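Examining the three-dimensional arrangement
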Amino acid sequence: MTSTSSLEITVENSGMNVRVRVSGRINVDSSPDLRDCLLAILSAEPLPRAITVDLAGVPYIETSGIATLIEALRIARHRQTTLCLQGISGSVLRLFEVTGVLALFESSDCKKQVS
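Residues numbered from 1 in each chain as written. Predicted model: local features only at pLDDT ≥ 70, side-chain atom pairs only at ≥ 80, totals over all residues. Heavy atoms only, no water.

1. Re the overall build of the protein
Each helix and strand counted, the protein has five helices and four strands in total. The order of α-helices and β-strands along the protein, N terminus first, is β-β-α-β-α-β-α-α-α. Look at the contacts in the protein between residues 6 or more apart in sequence, and 72% of them connect residues 24 or more apart. For the protein, the exposed area adds up to about 6,200 Å²; of that, 51% sits on carbon and sulfur atoms. (Helix = DSSP H or I, 4+ residues; strand = E, 2+ residues; numbered from the N terminus. Contact = heavy atoms within 4.5 Å. Areas by Shrake-Rupley, 256 points an atom, 1.4 Å probe, with all protein chains shown as cover.)

2. As for the sheet that holds strand S2 (residues 17-23)
Across the sheet, which stays open at both edges, the four strands sit in the order S1-S2-S3-S4 with mixed pairing between neighbours. This sheet does not close on itself; its edge strands, each paired only once, are strand S1 (8-14) and strand S4 (82-86). Mean inter-strand twist for the sheet, computed between neighbouring axes without regard to direction, equals 20°. With six bridges joining them, S2 and strand S3 (residues 50-57) adopt parallel strand pairing. By the bridge assignment for S3, Arg19 is matched with Thr52. Its contacts with the sheet place helix H2 (residues 63-78) against S3 and S4, and it is angled at close to 150° to S4. (Pairing = 2+ DSSP bridges. Axes fitted to C-alpha atoms, helices over the stretch in contact; angles between N-to-C directions.)

3. What about the nonpolar core?
Val20, Val22, Val53, Leu55, Leu69 and Phe96 are the most contacted members of the largest nonpolar core, which totals 30 residues. Within the residue set of this core, elements represented by two or more residues are S2, helix H1 (31-42), S3, H2, S4, helix H3 (90-99) and helix H4 (101-105). Among the elements that make up this core, the one with the highest residue count is H2 (six residues). Beyond its immediate stretch of four places on either side in the chain, Phe96 contacts Leu55, Ile61, Ile66, Leu69, Leu85, Ile88, Val101 and Leu102. (Core = buried A, V, L, I, M, F, W, Y, C linked by side-chain atoms within 4.5 Å. Buried < 20%, exposed > 50% of the residue type's maximum accessible area, 1.4 Å probe, protein only.)

4. Some remarks on the environment of Arg49
Among the structural elements, Arg49 can be located in the loop between H1 and S3. For Arg49, a relative accessible area of 49% corresponds to the partly exposed category. Along the chain, Arg49 and Gly15 lie 34 residues apart, while their C-alpha atoms are 9.1 Å from each other.

5. Concerning the pattern of salt bridges
Counting across every chain of the model gives four salt bridges. Measuring nitrogen to oxygen at the nearest pair gives 3.0 Å for the salt bridge that ties Asp54 to Arg21. With Asp54 in strand S3 and Arg21 in strand S2, the pair connects residues that are 33 residues apart, well separated along the chain. Of the charged contacts, one joins Glu71 and Arg35 as a salt bridge, the two residues approaching to 2.9 Å between their closest N and O atoms. Linking Glu71 in helix H2 with Arg35 in helix H1, this pair joins segments that are 36 residues apart in sequence. A cluster of three or more residues bridged by salt bridges with shared partners is formed by Glu12, Arg21 and Asp54. (Salt bridge = Lys/Arg side-chain N within 4 Å of Asp/Glu carboxyl O.)

6. A closer look at the pairing of S2
Only one face of S2 is buried, namely the one carrying Val18, Val20 and Val22, since none of Asn17, Arg19, Arg21 and Ser23 on the opposite face is buried. As paired elements, S1 and S2 share seven bridges and run antiparallel to each other. When the sheet's bridge partners are listed, Glu8 is paired in S2 with Ser23. In this structure, the hairpin formed by S1 and S2 is closed by a connection of two residues, where Gly15 is found at a positive phi of approximately 65°. For the crossover that starts at S2, traverses H1 and ends in the parallel S3, the hand is right-handed. (Right-handed = clockwise from strand over helix to strand, strands pointing away.)

Right, dumping it as structure tokens:
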């Protein structure tokens, strides 16, 4: 999936699991593309058992991107799907830690899916 923004999103299906690789800056212009991608996955049938969002290629994220991820997490939980974040580092990790958002995504279910 490619968009007009500077964000590149790749979706990989592996059985009942989906990995979403994101590369680029997530800001107010690009977060709608990420939102559309995640909502499409969360409305697909059959619904994936787990979705892992790999943010290793994301050097920068604004609050609009964090809001997008929280919205996807809320929908995933409602639909009984695990949504995990992976590859968070640098300033993105610090922002997730300072805002307390990282704790929302940390669960034993995520650790099982990543390993």
